[in-house]
Amino acid sequence: MLNARRAPVLESVTTAAPGGKPRGRESDRRGRRPWRASLTGWGFVGPATLIILGLSIFPALWAFVLSLQNWDGFSEAQFVGGANYAGLVSDDEFGKAVVNTLGFTLLFVPASVLLGLFLAVALNRSIRFIGIYRTAIFVPFVVSAASTGVLTTYLFSPQYGVVNNVLRVFGLPQQGWLEDQSQAMVVIAIMSLWGQAAFTTVIYLAALQDIPGELLEAARIDGANHWQTFWRVVWPQLSPVTIFVAIWQTIGAIQLFDLVYTTTRGGPLDATKTIVYFLYEKAFKTLQFGYGSAAAYVLFAATLLITIIVVVYSRKRNLEAF
Amino acid sequence: MSTTVLSEVLTSSEYVATRPVDIPRRPKRRFSWWHVVLIPIAILFLLPFVQMMLASVSPEKELVTFPPPFVPSHLTFDGYVKLFTQTDVVRWLGNTVIVSGTAILSNIVLCSLAGYGFARLKFAGRSVGFFLILATIMIPTQLLMIPTYILFATLGLLDGLGAAIVPWLATAFGIFLMRQFFLSLPAELEEAGMIDGCTRLQVFFRIVLPLARPAIATLAIFTLLGSWNDLVWPLIAINNDQAFTLQLGIANFQSTRRTQWDLLMAGNVVATLPLILFFLFAQRQFMATMTFSGIKG
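Residues numbered from 1 in each chain as written. Chains lettered and ligands numbered in written order. Predicted model: local features only at pLDDT ≥ 70, side-chain atom pairs only at ≥ 80, totals over all residues. Heavy atoms only, no water.

## Section: the overall build of chain A
Put simply, the rule is: Only DSSP runs of H or I with at least four residues qualify as helices, and only runs of E with at least two residues qualify as strands; both kinds are numbered from the N terminus onward. Summary of the burial criterion: residues with accessible area below 20% of their type's maximum are buried, those above 50% are exposed, and those between are partly exposed, where the area comes from a 1.4 Å probe applied to protein chains only. Only heavy atoms matter for contacts: two residues are in contact if any of them lie within 4.5 Å across the pair. With residues, only the protein chains shown are counted as cover, and all accessible areas are computed by Shrake-Rupley using a 1.4 Å probe.
Looking only at helices and strands, one finds 14 helices and two strands in chain A. Within chain A, the fraction of its 322 residues that count as buried is 49%. Across chain A, contacts joining residues at least 24 apart in sequence account for 64% of those joining residues at least 6 apart. As displayed, chain A offers around 15,600 Å² of accessible surface, 64% of which is attributable to carbon and sulfur atoms.

Below is the structure:
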C-alpha cells in the first residue's frame, strides 16, 4: 500500500529501508542541503500563505496609505496626511455612526452574554426532548444575514407584521419598529440575538461541561443550594469564557453591517447608520476611498483597544482575586 | 480546602453506598421544571421559520392585510412559481454552489497542506510565516475591503464569480485548525511511512490526510457557512446580476420586490433550507465547529 520499495522523490529519508542506505544519513543530507527542507516546507505552506498574506497584510498596509490620501479611483491621488482622520473627528455623520454603533453594542453584548449563559445552563441537563430544544436554539445560527433581514422586515412590518398582530391580540398599542427611530436598533439587536444566541450558548455549554463534577458535588455537600452553587462555584469558573465571549461579541457588534443593510439601510433618519455602514457608503457610494480607509483604521484601532483593555483589566482583577 | 476534600471523600463513599438504590429508578425520569422554561424559548426561536414557511405558501394578498391571518386560508405555490419563473434564482443558487464548493475544496487542500507544513516540517521562516497568518485573524475585513476592491478592479476580477471565490481560497482559521489537529497526531505513523520509503507528499496523502477526517469536516463546515452566507464582499465586488450569489439576490429583492412577500419568502426558503437540512443532518459537526471557532479562534 505504501509503495515500500519505491525510490524517495521529494525528500529522502531512507533509514533502514530494505537494502537501503545506513542510518544517520538523513541528518547528514539535511545538514548539507538545508535548502531542500525549506523547499519542501514552503512547497507545503506556500500557496495558502501567499493567498492569505496577499489578501490581508498587503491590503491592510495599502489601506493605511490610502487613508492618507484623497482618491476617487479615477483621478490622480492626492497626499493629504492626517486630513482624513481630522475630518472624521469633526464629521457629525461619523459621530452619529459611532453613537449608533455604541448603542447597539451596549444593547447586544450584555444581552447576548446573559442569554448564552442562561440557555447553556438550561440546556446542560439530560431531560427528555433536550435534543429538540438544542436544535431549536442552534438552527437560526445557519441563517444568513440576508435572509434574517428579509424575515425581520416581514415580522416587524408596522403595517402587516406578525409582531404588531400579536400586540393587537393582547390589546397593546401598535409600534413602528424598523420605521421608528428609537426602536429600529432594538429590533436589529433582537434579531441579532436570535441568530447569534447559538454561538455564546455553545461556548458556555462546552465550558460548563468542563467544570469537574466533584466541585459541584462538594458544594452541594457543603450545603449550598443550586443558586449559591451557580454564583459561587460555577460563575467564577466561567469567568475566562465570559471575558472571551464578551470580547468576541463586542468585536462583532462594532462591525455591524449586514443586518442593517438588509433591513433599514441605515435609516430611519440615520438612526441605524453604523460605522461600517458609514464606511461602506463613503467608499463605495461616493468613492471616497481615502476617507473610507481612515474610518476603517479608526474601527481597527477601536477593536484593538477594546481587546487590550479587557485583557489587561481581567488579568489585573484575577491577580487581585488570588 | 482540606475540609472540602474531606467532605468529598466522605460523600463519595456515601455516594457509592447509596448508588445501587438509585439505579432502578433511572429509566423513568422525573418531570423537570426546565421544560416550562425551554418550551416557550424553543417556540420563540422556531417561530420565524414557521412564519417564513407559512408566508411562502400564502396567497400574496393575505400577506398585505392587517390583521394577517395566523394561518393562510389556502395553500398556494404562487410564490415559488413567481420565484422560479420571474427571477434568476436558479442561476444564483448555482453560483453559490460553485463559490462554496470551490472554497471548500480549496480550503481542504491548501489549509491541510499548510497546516501540516507548519505542524511537522522544519524550514527557514516557519515561525514568522505562521505568526503572520495568525496576526491576520485580528484584521477586520472592513479594513481590507477598499484595497481588495481596487486590487480586484486592477486584475479585472470584479463582477465575476472569481471575485467571490478568490478571498475564500484559503483561510487563516483553516490553517490554524489543521495545524492544531496535526500537532495532536502521533508522529510515529508518519515516521514509519518514511522508513518504508514514502516521500513527504505520499505520507501526507496516504497516512495523514485519511486520519484528519474530523478536522476536515470542521473546516468544511466553517468554510461552507462563511462562503454560503457571505454578503458584504459580494455586495461590493459583484454588480452584475448574472454573477450574483444567492445572498446577493435575496438582499436585492428587498429593493426590487418590496411587497411581494410570497416571492420573498419563497426565496428565503430556497436560500436557507439547504443549510438548515445540512445542519440537522450533521448537527454534531456543526456544534464542534462553533465551539472550535469560538474557543480557539
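## Side note on the nonpolar core
Spelled out, the test is: Throughout this description, the term nonpolar core refers to a set of buried Ala, Val, Leu, Ile, Met, Phe, Trp, Tyr and Cys residues connected via side-chain atoms within 4.5 Å.
Residues Phe138(A), Phe284(A), Ile175(B), Met178(B) and Phe182(B) are the most contacted members of the largest nonpolar core, which totals 181 residues. The residues contacting Phe284(A), other than those within four sequence positions of it, are Phe289(A), Met145(B), Ile146(B), Tyr149(B) and Ile236(B).

## Some points on the UniProt feature "transmembrane region" (unreviewed entry) in chain B
Residue and element names in this part refer to chain B. Put simply, the rule is: UniProt positions are given in the numbering used here, feature names are shortened, and annotations may be inferred rather than shown by experiment.
When the UniProt feature table is mapped onto this chain, "transmembrane region" (unreviewed entry) is found at residues 33-54, 92-118, 130-155, 161-182, 203-225 and 263-282. Secondary structure content for residues 92-118 is 100% helix and 0% strand, while the C-alpha to C-alpha distance between its ends is 37 Å. Spanning residues 203-225, this segment combines 96% helix with 0% strand, and its end C-alpha atoms are found 30 Å apart.

## A look at the pattern of salt bridges
As a reminder of what qualifies: Throughout this description, the term salt bridge denotes a Lys or Arg side-chain nitrogen within 4 Å of a carboxyl oxygen of Asp or Glu.
Per the stated rule, a full pass over the model turns up nine salt bridges over all chains. A salt bridge links Glu93(A) to Lys282(A); the nearest nitrogen and oxygen atoms lie 3.2 Å apart. In this pair, Glu93(A) is assigned in helix 5 (residues 92-123) and Lys282(A) in helix 13 (residues 275-285), connecting sequence segments 189 residues apart. Measuring nitrogen to oxygen at the nearest pair gives 2.7 Å for the salt bridge that ties Glu60(B) to Lys82(B). Separated by 22 residues along the polypeptide, Glu60(B) in the loop between helix 2 (34-56) and helix 3 (78-86) and Lys82(B) in helix 3 bring together distant segments of the chain. Residue class for Glu60(B) comes out partly exposed when judged on its relative accessible area of 31%. Where salt bridges share partners, they join Glu93(A), Asp270(A), Lys273(A), Glu281(A) and Lys282(A) into one cluster.

## Details of the side chain of Thr262(A)
What counts here: In the analysis that follows, any N or O atom pair within 3.5 Å is treated as a polar contact, provided that within protein one partner can donate a hydrogen and the other can accept it, and provided that, for residues neighboring in sequence, both atoms belong to side chains.
Tracing the sequence through the fold places Thr262(A) in helix 12 (residues 258-263). On the basis of relative accessible area, Thr262(A) is assigned to the buried category, the value being 1%. There is a polar contact of 3.4 Å between the side chain of Thr262(A) and the backbone oxygen of Leu259(A). Those residues in contact with Thr262(A), other than ones at most four positions away along the chain, are Ala145(A), Ala146(A), Gly149(A), Val150(A), Thr153(A), Leu231(B), Ala251(B) and Gln254(B).

## Overview of helix 6 (residues 141-155) of chain B
Residues and elements named next belong to chain B. Filter applied, for reference: What a helix should span is 1.5 Å times the count of its residues minus one. Bend, at a single residue, is the angle you get between axes fitted to the 7 residues ending at that residue and the 7 residues starting at it.
A rise of 1.5 Å per residue sets the reference length of helix 6, with its 15 residues, at 21 Å; its end C-alpha atoms lie 20 Å apart and thus fit the reference within 8%. Residue proline 147 marks the point of greatest curvature in helix 6, where the axis turns by about 30°. Most of helix 6 is tucked away: 11 of the 15 residues are buried. Within helix 6, the full set of buried residues consists of Gln142, Leu143, Leu144, Met145, Ile146, Pro147, Thr148, Tyr149, Ile150, Leu151 and Phe152. Looking at the residues trailing helix 6, positive phi occurs at glycine 156, about 75°.

## Focus: the interface of chain A and chain B
In plain terms, the rule: Here's the idea: put two parts together, see how much 1.4 Å probe accessible area each one loses, and the total over both is what we call buried area.
Between chain A and chain B, the contact holds 112 residues from the first and 106 residues from the second. Of the roughly 9,700 Å² buried between chain A and chain B on both sides combined, carbon and sulfur atoms contribute 76%. Three residues, Phe44(A), Tyr154(A) and Tyr160(A), lead the burial of chain A against chain B; their summed loss comes to 8% of the area buried on that side. For the pair chain A and chain B, the interface holds zero salt bridges. Here the side of chain A that touches chain B takes 13 residues from helix 2 (residues 34-54) of chain A, the largest share from any one element.

## Structural notes on the packing of aromatic side chains
Using the following cut-off: Aromatic contacts are taken between Phe, Tyr and Trp rings whose centres are within 6.5 Å, Trp giving its six-membered ring; a plane angle under 30 degrees counts as stacked, one over 60 as edge-to-face, and the others as tilted.
On inspection of all chains with the given rule, the structure shows 42 aromatic pairs over all chains. Judged by centre distance (5.3 Å) and plane angle (50°), the rings of Trp194(A) and Phe49(B) are tilted. Pair noted here: Trp194(A) is in helix 9 (residues 184-210) and Phe49(B) is in helix 2, and the two residues belong to different chains. Considered together, Trp194(A) and Phe49(B) belong to a single accessibility category, that of buried residues. For the pair Phe279(B) and Phe286(B), a centre-to-centre distance of 5.2 Å together with 70° between the ring planes defines the contact as edge-to-face. Just as Phe279(B) is buried, Phe286(B) falls in that class too.

## A short note on the packing of helix 5 of chain A against helix 11 (residues 226-254) of chain A
Residue and element names in this part refer to chain A. This is how it is decided: Under this scheme, a helix contributes an axis fitted over its contacting stretch, all axes are lines through C-alpha atoms, and angles between N-to-C directions fall in the 0 to 180 degree range. Working rule for handedness: look at the near helix, and if it is turned counterclockwise from the far one by less than a right angle, call the crossing left-handed; if clockwise, right-handed. Polarity classes work like this: nonpolar for Ala, Val, Leu, Ile, Met, Phe, Trp, Tyr, Cys and Pro, charged for Asp, Glu, Lys and Arg, and polar for all others, with Gly in that last group.
The N-to-C vectors of helix 5 and helix 11 enclose an angle of 140°; their axes lie 9 Å apart at closest approach. As helix 5 packs across helix 11, the resulting crossing turns out to be right-handed. When helix 5 is examined against helix 11, the residues Thr101, Phe104, Thr105, Phe108, Val109, Ser112, Val113, Leu117 and Val121 are found in contact with a partner set consisting of Phe230, Trp235, Leu238, Thr242, Val245, Ala246, Gln249, Thr250, Ala253 and Ile254. Broken down by class, the residue content of the contact of helix 5 with helix 11 amounts to 13 nonpolar, six polar and no charged.

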